[in-house]
Amino acid sequence: MVPDLQVKETSSPPRLWTADFRLFFTARTTSLLGDAMLPVAITAAVIRAGYGASGVGYALAALVAPFAALIIFGGVLSDRFGARRLMIVSDTARLCFQMVLALLFLLGTPQLWQILVLLALVGAGSAIFQPGVASIIPRIARDVQKANGTLRISESVTNVVGPSVAGLLLVVSSPAVVVALDALTYAVGGGCLLLLRSVPMGSVARESGTSFRADLVEGWREFRARTWLWSVIVVFMLWQLAGAGPTMTLGNSTLVTDYGASTFGFVMSSLGVGSVLGGIVAIRLRPRHPLRAGALSMILWALMPLGVALGLPTPLVAGCYMVSGVGMAFWIVMFHTSVQTHIPNEVLGRVHAYDAAGSLVMKPVGQAAAGPLAVIVGTVPLLFVSASMALVACALLLAIPAVRGLRRVEG
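Residues numbered from 1 in each chain as written. Predicted model: local features only at pLDDT ≥ 70, side-chain atom pairs only at ≥ 80, totals over all residues. Heavy atoms only, no water.

## Observations regarding a nonpolar patch on the surface
Using the following cut-off: Patch membership requires more than 30% relative accessible area and the absence of a salt bridge. Residues of like charge join within 9 Å; the nonpolar side chains Val, Leu, Ile, Met, Phe, Trp and Tyr join within 5 Å. Each accessible area is a Shrake-Rupley estimate made with a 1.4 Å probe; only the visible protein chains count as cover when residues are assessed. What counts as a salt bridge is simple: a side-chain nitrogen of Lys or Arg found within 4 Å of a carboxyl oxygen of Asp or Glu. Secondary structure elements follow DSSP: runs of H or I no shorter than four residues count as helices, runs of E no shorter than two count as strands, and numbering proceeds from the N terminus.
There is a patch of nonpolar side chains on the surface, built from M99, V177, L181 and L184 and spanning about 280 Å² of accessible area. Sort the elements by how many residues they give to the nonpolar patch and helix α6 (residues 175-194) lands first, with three residues. For L181, the location among the structural elements is in helix α6.

So this is what it looks like as structure tokens:
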């Protein structure tokens, strides 16, 4: 065992499953289940409407692009008006937009532009919702790392179960019905958030009378002032560009074409199982230096593209994906816990928005560039490059004193 990874023994560990945490867990899990179901439902609905693969691409882009573009502004709004309030507003708005979309599919064949506009509004709602997640967790859980690990397990399970549930529902009903049922998950989530008691509806104490622009600048200043934070994001931008992005495009397509769709599903389920195990490990292990331990766990991710590049048998590829899932889940919990315990709550929404935007911005670039580059240099060489990027990312993170030296915040 790495010396930095030690189990912390306490005589009376903080209680996690309080009434408010159960409500938040239900809200978050329900929302994540809907998020996992939506791409499947939209893909089926758009294809059935006759817009083909290009229409599906436009629809999924319309869902994701506003999130990436607006999440920084969502962070400002969350800190100005209160995370809980903005999350309830977001759930309500997304419920309405998706119900309208379901109604359009139910009544006939909507125009493509109508689909894109409504999905863009749903994506914008997600950008308003996400910053509040980081702000609320430290307020409802005394053990922030255990809370993050538990929520990571929930996210991993919904990522596996959600598409399967959507697929089964499509067998017995229409895409319009699945979109409507997915919309109802926002009603459940918003209702649970409405019942929270330990989180005020308004914002935490902050200087009054500041402008939106001043809040935006303050969030950037707080983000930039922490070397460990912005340097992690810079490293992850590189990793998303040359590691994760190409692996998602080339690894997934290779699994489908060379191994078959059923194998692809099995391998992705293995990745979900690994993420669950990684969340469990993150609950138990309490490293003194969480980012150092998380960076070391990144090495495991290299097995994902490596298994596909080497053309390993299906069980071994699935094993590689499972181990990679363990490493990534552990890193995510370590990083989110560090952010939530080192950043003051009054600016946490904005800081989280900056780190989320920076983490996501290069991923679609890497995904889009992977296909053309594979035509020139080949799929296997690019997958080897992606695998090596995990090692490069680990080395860069450990080379930064502020990252490897960041200590765990107790309590």
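From this point, the narrative continues.
## Quick notes on the nonpolar core
Applicable threshold: Note on terminology: a nonpolar core comprises buried Ala, Val, Leu, Ile, Met, Phe, Trp, Tyr and Cys residues joined through side-chain atoms within 4.5 Å. Only protein chains enter the accessibility calculation, which uses a 1.4 Å probe; a residue is then buried when its area is under 20% of its type maximum, exposed when over 50%, and partly exposed in between. The contact definition used throughout considers only heavy atoms, calling two residues in contact when any of these lie within 4.5 Å.
Grouped together as the largest cluster of nonpolar side chains are 48 residues, with contacts concentrated most on W228, W239, W331 and F335. At the level of elements, α8 (227-259), α9 (261-284), α10 (290-297), α11 (303-309), α12 (314-342), α13 (345-361), α14 (363-377) and α15 (379-399) are the ones that each hand at least two residues to this core. Of all the elements, α8 adds the most residues to this core, at 11 residues. Those residues within four positions of W228 in sequence are excluded, and the remaining contacts are L291, F335, S338, V339, H342, I343, A402, V403 and L406. Counting 25 residues, the second largest nonpolar core, distinct from the first, contains V122, A166, V178 and A180.

## Points about the packing of helix α4 (residues 112-140) against α13
For the record, the criterion: Think of each axis as a best-fit line through the C-alpha atoms, taken over the contacting stretch in the case of a helix, with angles from 0 to 180 degrees between the N-to-C directions. In a left-handed crossing the near helix is turned counterclockwise from the far helix by less than a right angle, and in a right-handed crossing that turn is clockwise. Three classes are used: nonpolar for Ala, Val, Leu, Ile, Met, Phe, Trp, Tyr, Cys and Pro, charged for Asp, Glu, Lys and Arg, and polar for all others, with Gly counted as polar.
Contact geometry of α4 with α13 gives a least axis separation of 8 Å together with a crossing angle of 140 degrees. Judged by the twist between their axes, the crossing of α4 over α13 is right-handed. On α13, the residues touching Q130, P131, A134, S135, P138 and R139 of α4 are N345, L348, G349, H352 and A353. Among the residues forming the contact of α4 with α13, the class breakdown is five nonpolar, five polar and one charged.

## A word on the packing of aromatic side chains
Note the cut-off: Aromatic pairing here means that ring centres of Phe, Tyr or Trp (its six-membered ring) are within 6.5 Å. Orientation follows from the plane angle: under 30 degrees is stacked, over 60 is edge-to-face, and everything else is tilted. Consider the ring centre and the ring normal. A charge sits over the ring if Lys NZ or Arg CZ is within 6 Å of that centre and within 35 degrees of that normal.
Inspection of every chain in the model, using the stated rule, returns 11 aromatic pairs. Measuring from ring centre to ring centre gives 5.1 Å for W17 and F25, while their planes differ by 75 degrees; the resulting arrangement is edge-to-face. Here the aromatic residues F236, W239, W301, W331 and F335 are joined through ring pairs into a cluster of three or more. A cation over a ring is seen here: R94 above F129, with NZ or CZ 4.8 Å from the ring centre.

## Section: helix α7 (residues 212-224)
Stated formally: Expected helix span is computed as 1.5 Å times (number of residues minus one). By definition, the arc is the one covered by directions from the helix axis to the C-beta atoms.
Taking 1.5 Å as the rise per residue, α7 with 13 residues should run 18 Å; its terminal C-alpha atoms sit 18 Å apart, in good agreement. Listing the buried residues of α7 in full gives D215, G219 and F223. Buried residues of α7, seen end-on, are gathered within an arc of 75 degrees and therefore sit on one face of the element.

## Digging into the pattern of salt bridges
All chains considered together, the criterion is met by eight salt bridges. For R80, the salt bridge is made with D215, and the minimal N-O distance between the two is 2.6 Å. Of this pair, R80 sits in helix α2 (residues 52-81) while D215 sits in helix α7, and the two are 135 residues apart along the sequence. For the salt bridge of D91 with R94, the shortest nitrogen-to-oxygen distance reads 2.9 Å. Of this pair, D91 and R94 both sit in helix α3 (residues 83-107), three residues apart, which is roughly one turn of that helix. An identical accessibility class is assigned to D91 and R94; each is buried. Several salt bridges share partner residues, and in doing so they unite D79, R80, D215, E218 and R350 into one network.

Worth remembering: the numbers are spatial, not functional.
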